[in-house]
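Secondary and tertiary structure notes
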Amino acid sequence: MEIKSFLTLEDASREDLRAVLDLARAHADGRMPGALAGKTVCLAFFEPSTRTAVSFELAAKRSGADVISLSDKGSAIAKGESLIDTVVTLDRLGADAVVLRHPAAGAAALASRHTSAPVINAGDGCGQHPTQALLDLYAMSEALGGFDELAGRRVAIVGDVLHSRVARSVIPAFKRAGMEVALVAPRTLLPPNVEAWGLPILPTLDDALDWRAEVLYMLRLQKERMTGARVPSVGEYARYYGVARRHLQSGVLVMHPGPVNRGVEISGDVVLDPGSLIPDQVAAGVCVRSAVLSVATGSAYEVAA
Ligand code: NCD
């Protein structure tokens, strides 16, 4: 496997993605017991998280690692210690991998320049969220009959692309898997340089269905990152960009990284519909993150050898 860093997936090849997903399957099937035995994984979450934090913790513990959890409130960060001093400390204390979530884009890359332990980006501001993209590929591959079945399928990324690190990671990953990607959003929720991304931009969800999207990948309206009003009203946004049951009639699949604003991105009755992969995405987080931790710490190769 060529992949060495989980700061971003922008340089990951199709074969790299396939290899991580194969390894995730091996973890899910119980073929990698104790893969992280003797390793220390530090989870440093300086921004709220439910799914990502819990699944990284389960992923590390189920594979036999010792786990240390750190948050801004309970650590010396609250006393003003810098990110760099914090990760240097974790490194010297013997962490074999540092999983970092941070509100500033570029934080994981910065931290990685000051540690010998690999830093895994668990979300950096509006930057990247590579393990989310990997678990999304895993959940889609499982639902659609395998990684090779993703090639040529159409996925629409819907909503707040402007503030979304998830979008910045899933778009290159889905393209690398051979999928056709379109964006569905009002101009106010697209980055100013979006034309450079070279993707079709569709005005509403109904246009995405006309484009024959097979997967609707919904993004949360990220109010905590908005500097001003980006949509006239939440109700109006939901009308043009929210998924309702009628959108699922053609067999289209719905995904969302969570947390969902029910009734905004997705109507409440659709979140757990059979056409929703949201629970599968959450479940995929554990085996995919076990695979990521075993690649990052070099354990994947030790177990395979
Ligand atoms: C996302 C995140 O925090 O980047 N959620 C997640 O990790 N499952 C998406 C979001 O907050 O909208």
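Residues numbered from 1 in each chain as written. Predicted model: local features only at pLDDT ≥ 70, side-chain atom pairs only at ≥ 80, totals over all residues. Heavy atoms only, no water.

1. Side note on the pairing of strand S6 (residues 180-184)
Among the five residues in S6, four count as buried, and that is most of the element. Examined bridge by bridge, strand S5 (residues 154-158) and S6 share five bridges and lie parallel to one another. In the strand pairing of S6, Arg-154 is matched with Glu-180. The parallel pair S5 and S6 is bridged by helix H6 (residues 165-176), and the resulting crossover is right-handed. Sheet analysis places S6 next to strand S7 (residues 201-202), joined by two bridges and oriented parallel. Residue pairing in the sheet places Leu-183 in a bridge with Ile-201 of S7. (Buried < 20%, exposed > 50% of the residue type's maximum accessible area, 1.4 Å probe, protein only. Helix = DSSP H or I, 4+ residues; strand = E, 2+ residues; numbered from the N terminus. Pairing = 2+ DSSP bridges. Right-handed = clockwise from strand over helix to strand, strands pointing away.)

2. Things to note about the layout of surface pockets
Empty space within the largest pocket amounts to approximately 400 Å³. Looking at the largest pocket, it is lined by 20 residues, and the ones nearest its centre are Arg-101, Arg-165, Arg-220, Gly-258 and Pro-259. Of all the elements in the fold, those that place two or more residues in the lining of the largest pocket are helix H2 (51-62) and H6. A breakdown of the residues in the lining of the largest pocket according to their chemical character gives five nonpolar, eight polar and seven charged. Computed from the structure, the second largest pocket encloses a volume of approximately 160 Å³. At three residues, the largest contribution of residues to the lining of the second largest pocket is made by helix H9 (residues 278-296). Along the lines of polarity and charge, the residues of the lining of the second largest pocket split into five nonpolar, five polar and one charged. (1 Å grid on protein atoms, 1.4 Å probe; cavity = no way out; pocket = protein on both sides within 12 Å on 5 of 7 lines; lining within 4 Å. Points joined across faces, edges and corners; volume = space filled by probe spheres on them. Nonpolar A, V, L, I, M, F, W, Y, C, P; charged D, E, K, R; others polar.)

3. So, the pattern of salt bridges
Summed over the entire model, instances satisfying the criterion amount to 16 salt bridges. Across the salt bridge formed by Asp-29 and Arg-25, the nearest N and O atoms sit 2.6 Å from each other. With relative accessibility at 42%, the residue Asp-29 sits in the partly exposed group. A residue is classified by how much of its surface remains accessible, and Arg-25, at 29% relative accessible area, is partly exposed. Among the ionic pairs, Arg-153 bridges to Glu-214, the shortest N-O distance being 2.9 Å. Of this pair, Arg-153 sits in the loop between helix H5 (130-144) and S5 while Glu-214 sits in the loop between helix H7 (205-210) and strand S8 (215-218), placing them 61 residues apart in sequence. Take Arg-153: its relative accessible area is 18%, and that puts it in the buried class. Using a relative accessible area of 32% as the deciding quantity, one classes Glu-214 as partly exposed. By sharing partners, the salt bridges in this structure join Arg-14, Glu-15, Arg-18 and Asp-148 into a single network. (Salt bridge = Lys/Arg side-chain N within 4 Å of Asp/Glu carboxyl O.)

4. So, the domain arrangement of the protein chain
The domain architecture assigned to the protein chain consists of domain 1 (14-128 + 285-296) and domain 2 (130-282). Inter-centroid distance (C-alpha atoms) of domain 1 to domain 2 is 25 Å. Taken together, the 27 residues of domain 1 in the interface contact 26 residues of domain 2. Counting the surface lost from both domain 1 and domain 2, the interface buries some 2200 Å², and carbon and sulfur atoms represent 58% of this. Contact with domain 2 buries area across many residues of domain 1, yet Arg-14, Leu-21 and Arg-51 alone supply 29% of it, more than any other trio. At the boundary of domain 1 and domain 2, one finds eleven residue pairs in polar contact (both at pLDDT 80 or more). Mapped by element, the contributors of at least two residues to the side of domain 1 that touches domain 2 are helix H1 (14-28), H2, strand S3 (97-102), strand S4 (119-124) and H9. Sorting elements by how many residues they give to the side of domain 1 that touches domain 2 places H1 first, with eight residues. (Domains from an automatic or database assignment. Contact = heavy atoms within 4.5 Å. Buried area = accessible area lost by both parts, 1.4 Å probe. Polar contact = N/O pair within 3.5 Å; in protein donor to acceptor, adjacent residues only side chain to side chain.)

5. Some thoughts on the environment of Gln-128
Considering the arrangement of structural elements, one finds Gln-128 in the loop between S4 and H5. Sequence-wise, Gln-128 and Thr-8 are 120 residues apart; in three dimensions their C-alpha atoms are separated by 6.1 Å. Those residues in contact with Gln-128 that sit more than four places away from it in its chain are Leu-7, Thr-8, Glu-10, Asn-121, Gly-123, Arg-165, Arg-168 and Ser-169. For Gln-128, the side chain forms a polar contact with the side chain of Glu-10, separated by 3.4 Å.

6. Observations regarding the environment of Ala-139
Of note, Ala-139 is situated in helix H5. Overall, Ala-139 belongs to the buried group, its relative accessible area being 3%. Taking the C-alpha atoms as reference points, Ala-139 and Asp-280, separated by 141 residues in sequence, lie 5.8 Å from one another. Not counting the four nearest positions on each side in its chain, Ala-139 is found in contact with Leu-277, Asp-280, Gln-281 and Ala-284.

7. Overview of the site of the ligand
In the region of the ligand, the neighbouring residues are Thr-52, Arg-101, His-129, Gln-132, Arg-165, Val-166, Arg-220, Pro-257, Gly-258 and Pro-259. Against a free-state accessible area of 320 Å², the protein chains account for coverage of 94% of the ligand. Assessed atom by atom at 2 Å from the grid points, the ligand resides in the largest pocket. (Near = heavy atom within 4 Å. Areas by Shrake-Rupley, 256 points an atom, 1.4 Å probe, with all protein chains shown as cover. Sits in = over half its atoms within 2 Å of the grid points.)

8. Looking at the nonpolar core
In terms of nonpolar packing, the biggest core is built from 68 residues, with Ile-157, Phe-174 and Leu-293 touching the most fellow members. In terms of residue count, the dominant contributor to this core is H9 (nine residues). Here this core spans two domains, since at least three of its residues come from each of domain 1 (14-128 + 285-296) and domain 2 (130-282). Apart from the residues lying within four places of it in its own chain, the contact partners of Phe-174 are Asp-136, Leu-137, Met-140, Val-155, Ile-157, Met-179, Val-181 and Tyr-217. Counting 25 residues, the second-largest nonpolar core is a separate cluster that includes Val-184, Ala-213, Tyr-237 and Tyr-241. (Core = buried A, V, L, I, M, F, W, Y, C linked by side-chain atoms within 4.5 Å.)

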